[in-house]
Structures are given as C-alpha cells and as structure tokens.
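Below, each chain spelled out in residue letters.
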Amino acid sequence: MGKKVKKANTYSGREAAMYLVGLGGQNMIYNIIATGLYFYFQNVICLNAVALGWIMALARVWDAINDPMMGTIVDKTKTKWGKCRPYLLFVPPIVMVITIATFLNGNYAAAERAQDMTKMVLITAWAAFSYILWGMSYTIGDIPLWGIIPRMTEDEGDRAKLISLARIFASIFGATMVVGIIPISQAINGPESPNAQKGFIIAAIITTVFASVLFELAGLGTKERVPVSGETKTMKESFKLMWSCKPFRRLLISGVLRAPIQLMTIVVMTLFTYYYCDGDMNKAFDFKNNPKMFVILLIIGGGFFIGQFGIMGVFPYLIKKIDVKTLYNLSALSGIPTGLIFLLYKLHPTELDEVKYVAILGALILIGGAGFGLVMVCQSMMISDCIDYEEYHHGFRPDGIFFSGQSFITKLSAGISSIISAYAYNAVGYTGKNIDDMNKALASGVKHFATDYQNYSEAMWFLLTVPAAIGMIIAIAPTIKYEISKKDHENMLAELIERHKADKEENALGESESA
C-alpha cells in the first residue's frame, strides 16, 4: 500500500495492511468450513444428505439469531483497546482449535455399510455439535472484525477504500481455501476412500493454524478512533433497533431474498471436482499431464474472481460518481448471466469441457462475479452508512449490532441454502453410500461423472445457478426506496465529525478542570 499523507482520525497504511491480512486469514478459516467442511461431510465421510442439510441449516439459523446478541455485547464493551479490538486479540486461538475439531469424525459411509446405527448417530451428532460450536466461536470474532472499520476512520473516502480492499482480501484469501484444501488433502493420501479422510484432517490442521496466525494480526495492528457513545442497549432493544431503522431493515430483507446465492459456495467445489475432474481435484493442477483441465480452472474460477475483484477495485472511484444505492440495485442484472449458465448446461450437458463452451461459461461467470462483488461491497458500505444514520438521528452508534446484521444475512442465507441443497440432492439419490460407491467407481476409471451420473450433474448445475439468479433479481425490491442518498450521508457525516470534535474538546476541558 502506497505512502499517504496522514489525516486526522483515520488509519495509517501499516494499520490498514495488518487489518487486511488479518481479515484475509479469518476468511480462510470461513472457507475451510464453508467449502472444505461441507465437501468433507458430503463427499468424504458421506453424511446422509438430509441430515447434513438440517445440521447446516439449524446451525446457521441459530448463528443468525446469535449474531445480534453478540452485536449487543460488542456495543456494551468498553476497554482501553476499544469495543471491537479486544475480541480480535483473544478469539483467533479459540476459533483455530474448534475449526480443527470439526474435521475429527468417523466415516459415516463405512458405518452405514456395516449397518452400525449407533456409530452413524454418534458421527452425525458430533458433526452437528462441533459445527454449531464453531459457528458461535466464529461469530465472536466476525462481528468485531467488520464492526471495527467505521471505528478506524471518520473519513468517508478512507472508509469506502478500506471496505473495498477488505472485500477483495476476503475473496482472495478465501479463494485459496476454495481451490486449495481439496487438492491439498487429496495430494496427501489420494482421492479414494478411506485415505481421503486422513488427508482432509491433515490439510485442515495445516491450513487452519496458518490462517489463525494471520487472523491475529487484525487485533495486533488496529486502533479505534471514533469515540464510544456512553449509551448502551439491552438485547431486546438491539433486536428492536435492527428493525426500527428503516434503511437497515431494507438491507436485511434484501439479504434474505438473496439467500440462494449461498448455494454457489456450497456447490461450486463439488461440481468442479466431479464434473471436470471425475472426483480427483488434483487433475486440475497437473499441468504437465492435464493442461486442458488447468486452463478450464483458470477460465472458470478466474472469471468469477476477476469479475469480483475488478468491480471491488474500482468501487472507490465508482462511489464518487454514483450513489451506493444505485450500484447495489444494479447488481441484480448479474442474475441474468447466472441463469443463462443453466440453459447452456441443458443444451450441452456433457460438453461443457469443450473450449467454446468453457469460453462462454467464463464470460457469463465474469459478469456474475462482478455482480456478486458489487453487492458484497455495497452491502458493507450501506451498513456503515446506517450506523452514521442512527447516530445522527438518535445519538447512538450501533457498530456491533448493525454489522451483526451482515453476519445474520450470510448465515441465515447459508441455512436456507443448505435445506434447498439437501432435498435436491436427496431427490436424485446423491447421499450416503451412493456417493461412496460413485467415488470408488470414478477412482477405478470404470465410470465418468458427466456421462454416467447425469442426474447428479444436473442437480449440481441447477443449484449453482437458477436459485442464485432468482435471488439476485428479486433482492432489490426492498432497496428501491432506500432512504440514505449520497448527499444526505455527506451532510450527516460532516455534522457527526463536528460533534465528535466538540465532545473531545469538552472531555479535555473537563479533565483539565479536575486536574
């Protein structure tokens, strides 16, 4: 990050860098669970599809309810470090231990084949308990991590820049786990069962420890500058506040309508691993023997991330010209190319590894990725604006409560998506020992996924595209009348800066008189 002129009440370049690397580490942990653990539960130890769906859904719904509770606790916190930073200092080691524990399971498919009902129940129960515990520990660090951004600076431009960079770093570091943990685990012991389980556990330990060390940097390197308001809220008042603030309520409803977009995270690695690599993700990284597969990974995966990072990179410049509400609503257009991907699959169900179709897919995914990136960065920006809106009108800054809403949206969306995927997979028989049998058939080369398992393939392509496309389009209905305009927010922020200066001067005068 380039050297910049120091401004009052804003972060330094070094501070921003440590925050971003720490946030990157935290998002690595998230994707170890969101992508890696889901793949591990579904395709390695082969949990029952419906049981897995309900485990994920109930855990996420509880997390969503738990988030505003944690937001309230954050807003009540007053320490010499501030109200967000203490959690960033002490939570990463706890998250590390629990993340590793979620992978320490028995093999459900083996127990099902042996008809050992007791073992099947115990494996399922531990999967549920460890996953719920992980979600709760992650929440304790996630809300302060995002809530600290509007506390690091009073400058709107610096805030927009940091939020944009935060979304880019989150995606880049998270992507290393999306495309990394599966091939790492398979490289250790091979893709076939039962060795895949041991490989996954070792890969999870290595990646989680590394990510947790990075996560710790966010607490070590940041500083809170915006004054902490003296008022606090009860749990009941916090829930009421999330709904009574009109612009924030619109964001919550919009996020819930967009819930199926989380299916992309759940399905993408399973689809790519099986449709393109016949169950062995290492084929995509074996450039010497499979150069075509490596190119496909670059075009399809790269298309999404280039679109996402590109829009996030130019966001600080876009926001100077276009209202954030307008940008947020424009993101709905990305639902169209996302839906067209499924149409392409229906027309050519076994041919999407051919060059011309990969090129078309890459273009559609590029546009979809841009829309996904735009909505993510706009959402964080609009939540920060809602915090200013609430302080301006009522004198209370709900940093923790409102950024818990961002986590609430993500987790509730993941819960809804888990239920959708569970019943879709169960309907086509993609569950339990059926997956184990398929893994063995693919590993031995007697069958090929795209041609021999078209019902599984169609379910995956459908889940990846159609629900997400519908969700992106209908999600803008509540935000069409979003109350905070660019001009209104500039006026509010100018007034708040003056209030903060006056409060500091008053406090300094009081301290000098009492001395």
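The rules we used
- Throughout this document, residue positions are counted from 1 along each chain, in the order its sequence is written.
- Where totals are concerned, whole chains, interfaces and linings use all residues; where local detail is concerned, this predicted model gives features only for residues with pLDDT of at least 70, and gives and counts side-chain atom pairs only at 80 or more.
- The side-chain quantities take in all heavy atoms of the structure and omit both hydrogens and water.
- Method remark: on a 1 Å grid restricted to protein atoms, a set of points is classed as a cavity if a 1.4 Å probe fits but cannot get out and as a pocket if it is open with protein on both sides within 12 Å along at least five of seven lines; lining residues have an atom within 4 Å of a point.
- Grid points are joined across faces, edges and corners, and a volume is the space filled by probe spheres set on the points.
- Secondary structure counts use DSSP, requiring at least four H or I residues in a row for a helix and at least two E residues in a row for a strand, with both numbered from the N terminus.
- In the scheme used here, Gly and all other residues not listed as nonpolar or charged are polar, with Ala, Val, Leu, Ile, Met, Phe, Trp, Tyr, Cys and Pro taken as nonpolar and Asp, Glu, Lys and Arg as charged.
- The pLDDT value expresses, per residue, how confident the predictor is, ranging between 0 and 100.
- Residue contacts follow a heavy-atom distance rule, with two residues in contact if any of their heavy atoms lie within 4.5 Å.
- Comment: axis = line fitted to C-alpha atoms, over the contacting stretch for helices; angle = value between 0 and 180 degrees taken between N-to-C directions.
- The scheme is simple: roughly parallel for angles under 35 degrees, roughly antiparallel for over 145, roughly perpendicular for 65 to 115, oblique for anything else.
- A clockwise turn of the near helix away from the far one marks a right-handed crossing, whereas an anticlockwise turn of less than a right angle marks a left-handed crossing.
- By salt bridge we mean one thing: a side-chain nitrogen of Lys or Arg within 4 Å of a carboxyl oxygen of Asp or Glu.
- Exposure classes here rest on a 1.4 Å probe applied to the protein chains alone. A residue is buried below 20% of its type maximum, exposed above 50%, and partly exposed in between.
- Pairing of aromatic rings covers Phe, Tyr and Trp, the last counted by its six-membered ring, and requires centre-to-centre distances within 6.5 Å; plane angles under 30 degrees mean stacked, over 60 mean edge-to-face, and any other angle means tilted.
- We call a charge positioned over a ring when the NZ of a Lys or the CZ of an Arg lies within 6 Å of the ring centre and within 35 degrees of the ring normal.
- Among buried residues, those of type Ala, Val, Leu, Ile, Met, Phe, Trp, Tyr and Cys that are joined through side-chain atoms within 4.5 Å constitute a nonpolar core.
- Polar contacts here mean pairs of N or O atoms no more than 3.5 Å apart (in protein, one a potential hydrogen donor and the other a potential acceptor; neighbouring residues in sequence count only if both atoms are side-chain atoms).
- Think of a patch as exposed residues, more than 30% relative accessible area, with no salt bridge, where like charges cluster within 9 Å and nonpolar side chains (Val, Leu, Ile, Met, Phe, Trp, Tyr) cluster within 5 Å.
- Here the open area of atoms and residues is found with the Shrake-Rupley method and a 1.4 Å probe, where only the protein chains shown may cover a residue.
- Take the number of residues in a helix, subtract one, and multiply by 1.5 Å to get its expected span.

(A) The arrangement of empty space enclosed by the protein in detail. In total, this model carries two cavities of 30 Å³ or more according to the counting rule given. Taken as a whole, the largest cavity spans an internal volume of roughly 100 Å³. Surrounding the largest cavity, Tyr-30, Ile-33, Ala-34, Tyr-38, Met-56, Arg-60, Tyr-131, Gln-262, Thr-265, Ile-266, Ala-414 and Ser-418 form its lining. Elements supplying a minimum of two residues to the lining of the largest cavity: α1 (13-44), α2 (49-76), α13 (263-276) and α18 (399-427). No other element matches α1, which puts four residues into the lining of the largest cavity. Partitioned by chemical class, the residues of the lining of the largest cavity number eight nonpolar, three polar and one charged.

(B) Main features of the confidence of the model for the protein. Scored by pLDDT, the protein comes out at a mean of 85, with 92% of its residues at no less than 70. Put simply, helix α9 (residues 181-189) is where the protein has its lowest mean pLDDT, 62, and helix α4 (residues 92-101) is where it has its highest, 96. Between residues 1-7, whose pLDDT stays under 50, and residues either more than four places distant or in other chains, the model counts eleven contacts.

(C) Representation of the packing of helix α12 (residues 246-257) against helix α17 (residues 355-394) in the model. Closest axis-to-axis distance for the α12/α17 pair is 9 Å, and the angle between their directions is 155 degrees. It follows from the interaxial angle that α12 and α17 lie roughly antiparallel. Taken as a pair, α12 and α17 cross one another with a handedness that is left-handed. The segment α12 lies against α17, with Pro-247, Phe-248 and Leu-251 engaging Gln-379, Met-382, Ile-383, Cys-386 and Tyr-389. A breakdown of the residues in the contact of α12 with α17 according to their chemical character gives seven nonpolar, one polar and no charged.

(D) Representation of the pattern of salt bridges within the structure. All told, the structure shown has 13 salt bridges when counted by the stated rule. Between Arg-151 and Glu-224 there is a salt bridge; the shortest N-O distance is 2.8 Å. One end of the pair, Arg-151, is in helix α7 (residues 149-152); the other, Glu-224, is in the loop between α10 (195-221) and α11 (235-244), with 73 residues separating them in the sequence. Residue Arg-151 is classed as buried on the basis of its relative accessible area of 1%. Arg-397 is the salt-bridge partner of Asp-388, the closest N and O atoms lying 2.9 Å from each other. Exposure class is identical for Asp-388 and Arg-397. Each is buried. Each of Arg-113, Asp-436, Asp-437 and Lys-440 takes part in salt bridges that share partners, so that together they form one network.

(E) Quick peek at the packing of aromatic side chains. Per the counting criterion, the structure on display carries 26 aromatic pairs. Aromatic side chains Tyr-274 and Phe-449 sit 5.7 Å apart centroid to centroid with 40 degrees between the ring planes, which places their arrangement in the tilted category. Of this pair, Tyr-274 sits in helix α13 while Phe-449 sits in helix α20 (residues 449-452), and the two are 175 residues apart along the sequence. Connected via pairs of aromatic rings, a cluster forms that spans Phe-39, Tyr-40, Phe-41, Phe-103, Phe-200, Tyr-274, Tyr-425, Tyr-430, Phe-449, Tyr-453 and Tyr-456. Just above the ring of Trp-146 sits the side chain of Arg-167; from NZ or CZ to the centre is 4.6 Å.

(F) Highlighting the nonpolar core. Counting residues in each nonpolar core, the largest one holds 147 residues, and the members touching the most others are Tyr-19, Tyr-276 and Trp-461. Take this core: its biggest share by element is 17 residues, from α17. When near neighbours in sequence (up to four residues on either side) are disregarded, Tyr-19 contacts Leu-145, Trp-146, Ile-148, Ile-149, Met-152, Leu-162, Ala-166, Ala-218 and Thr-222.

(G) Local environment of the environment of His-348. Residue position: His-348 is located in the loop between α16 (335-347) and α17. Contact partners of His-348, with chain neighbours within four places excluded, come to Tyr-275 and Tyr-357. A polar side-chain atom of His-348 sits 3.1 Å from a polar atom in the side chain of Tyr-357.

(H) A nonpolar patch on the surface, seen in detail. On the surface, Trp-243, Ile-253, Leu-257, Leu-330, Leu-333, Ile-336, Leu-340, Leu-343, Leu-347, Ile-470, Ile-473 and Ile-474 cluster together into a nonpolar patch covering about 1,100 Å² of accessible area. Listed by contribution, the elements that provide at least two residues to the nonpolar patch are α12, α16 and α21 (454-474).

(I) Representation of the environment of Ile-65 in the model. Along the polypeptide, Ile-65 turns up in helix α2. Overall, the relative accessible area of 37% leaves Ile-65 in the partly exposed class. For Ile-65 and Ala-175, which are 110 residues apart along the polypeptide, the C-alpha to C-alpha distance reads 27 Å. Those residues in contact with Ile-65 that lie beyond four places of it in its chain are Phe-239 and Phe-408.

(J) Spotlight on the side chain of Asp-142. Counting through the fold element by element, Asp-142 comes out in helix α6 (residues 117-147). Assessed through its relative accessible area of 10%, Asp-142 is described here as buried.

(K) Up close: unusual backbone geometry. Residue Cys-46 is not a glycine yet carries a positive backbone phi of 60 degrees. Tracing the sequence through the fold places Cys-46 in the loop between α1 and α2. Look at Cys-46 and you get buried, because its relative accessible area is 0%. Backbone geometry places Asp-278, a non-glycine residue, at a positive phi of 50 degrees. By relative accessible area, Asp-278 is classed as buried at 18%.

(L) Structural view of the side chain of Ser-418. Here Ser-418 lies in helix α18. A relative accessible area of 3% places Ser-418 in the buried class. A distance of 2.8 Å separates a polar side-chain atom of Ser-418 from the backbone oxygen of Ala-414. What Ser-418 contacts, discounting residues up to four positions off in sequence, is Gly-53, Met-56, Ala-57 and Ile-266.

(M) Expanded view of α16. Spanning 13 residues, α16 covers 19 Å between terminal C-alpha atoms, matching the ideal 18 Å at 1.5 Å per step. Within the span of α16, buried status applies to Gly-335, Pro-337, Thr-338, Ile-341, Phe-342, Leu-344 and Tyr-345.

(N) Spotlight on the environment of Tyr-423. Within the element layout of this structure, Tyr-423 appears in helix α18. Judged by relative accessible area, Tyr-423 falls into the partly exposed class, the value being 42%. Spatially, the C-alpha atom of Tyr-423 lies 7.7 Å from that of Gly-53, the residues being 370 residues apart in sequence. Setting aside chain neighbours within four positions, we find Tyr-423 in contact with Val-50 and Trp-54. Reaching out from Tyr-423, the side chain makes a polar contact with the side chain of Trp-54 at a distance of 2.9 Å.

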